[in-house]
Amino acid sequence: MVSSDAYTLLQVLVAKWQSRTCSGKYVLPWIYHILVNHGHHVMSQEPASQMLNSLCKITKCRGAAIQSLLQLSGRLQLVMAQIDKASQNKIQILAHDNEIDESEDEDEDVESTIRG
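The text that follows walks through the structure, step by step, so that each part is easy to find. (Residues numbered from 1 in each chain as written. Predicted model: local features only at pLDDT ≥ 70, side-chain atom pairs only at ≥ 80, totals over all residues. Heavy atoms only, no water.)

As for the nonpolar core
Proteins that are soluble and globular tend to have nonpolar side chains buried together. Counted only if it meets this: As used in this record, nonpolar core signifies buried Ala, Val, Leu, Ile, Met, Phe, Trp, Tyr and Cys residues forming a set joined through side-chain atoms within 4.5 Å. Remark: exposure states derive from per-residue accessible area (1.4 Å probe, protein chains only) relative to the maximum for the residue type, with buried under 20%, exposed over 50%, and partly exposed in between. The way it works is that DSSP assigns letters per residue, a run of H or I at least four long becomes a helix, a run of E at least two long becomes a strand, and they are numbered from the N terminus. By the convention used here, residues are in contact when the closest approach between their heavy atoms is within 4.5 Å.
Membership of the largest hydrophobic core comes to 14 residues, with the highest contact counts inside it found for L10, V14, I31, I34, V42 and M51. Those elements giving two or more residues to this core turn out to be α1 (3-19), α2 (24-44) and α3 (48-115). When residues in this core are grouped by element, the largest group, six residues, is from α1. Those residues in contact with V14 that lie beyond four places of it in its chain are I31, M51, S54 and L55.

Encoded structure:
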């Protein structure tokens, strides 16, 4: 890709990411590769500093949001694990109670046979 085309593509990608018409999942790898491979040319362009400043602001803002979402996700996973563990404990208790009930029934059968 020619450096001038890469710079134009970078402008379009930053605008799309800023307007949220494209997901960062798809846009960020392209932005990264353009900056790595054509960073010298991008920095030599006149309005590049404004575009890079806006890119930096967007990245920081989205990064802060992602950090909060990751913390929330971790908490939800912890709660779900606790719920799963509690339900497994309840199932084990119910199974144990059923075993006790069955053994009591067997004891009653043995006692009735002995009396009979």
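Some details on the environment of W17
With respect to the secondary-structure elements, W17 resides in helix α1. Separated by 42 residues in the primary sequence, W17 and T59 have C-alpha atoms spaced 9.8 Å apart. Sequence-distant contacts of W17, defined by excluding residues within four places in its chain, comprise C22, S23, G24, V27, L28, L55, I58, T59 and R62.

Quick word on the side chain of H38
Looking at the element boundaries, H38 is found in helix α2. Each residue touching H38, except ones within four places of it in the same chain, is listed here: M1, V2, S3, A6 and H33.

A word on a nonpolar patch on the surface
Heads up, the rule is: Each patch is built from residues that are more than 30% exposed by relative accessible area and take part in no salt bridge. Like charges join if they lie within 9 Å; nonpolar side chains (Val, Leu, Ile, Met, Phe, Trp, Tyr) join within 5 Å. Method for areas: the Shrake-Rupley scheme with a 1.4 Å probe, in which residue coverage is limited to the protein chains shown. By salt bridge we mean one thing: a side-chain nitrogen of Lys or Arg within 4 Å of a carboxyl oxygen of Asp or Glu.
The grouping of L69, L72 and L76 at the surface amounts to a nonpolar patch, some 300 Å² of accessible area in total. Note that L72 resides in helix α3. Of the residues examined, L72 reaches a relative accessible area of 45% and is grouped as partly exposed.

Some remarks on α2
We count it as follows: A helix is expected to span 1.5 Å multiplied by its residue count minus one. The seven residues ending at a residue and the seven starting there each receive a fitted axis; the angle between those axes is the bend at that residue.
When the terminal C-alpha atoms of α2 are compared, their 25 Å separation across 21 residues is substantially less than the 30 Å that a helix rising 1.5 Å per residue should span. Its axis deflected by about 90° at H38, α2 carries its strongest bend there. Within the span of α2, buried status applies to G24, V27, I31, I34, H38, G39 and V42.

Describing the environment of L13
Among the secondary structure elements, L13 is positioned in helix α1. Sequence separation between L13 and L28 is 15 residues, and the spatial gap between their C-alpha atoms is 8.4 Å. Other than its neighbours up to four places away in sequence, L13 contacts V27, W30, I31 and I34.

Some points on α1
Which entries qualify depends on this criterion: In this description, the arc belongs to the directions extending from the helix axis to the C-beta atoms.
For α1, spanning 17 residues, the distance from its first C-alpha to its last is 24 Å, which sits close to the expected 24 Å at 1.5 Å a residue. Residues A6, Y7, L10, L13, V14 and W17 constitute the buried set of α1. Buried residues along α1 cover an arc of 125° about the axis, so they all sit on one side.

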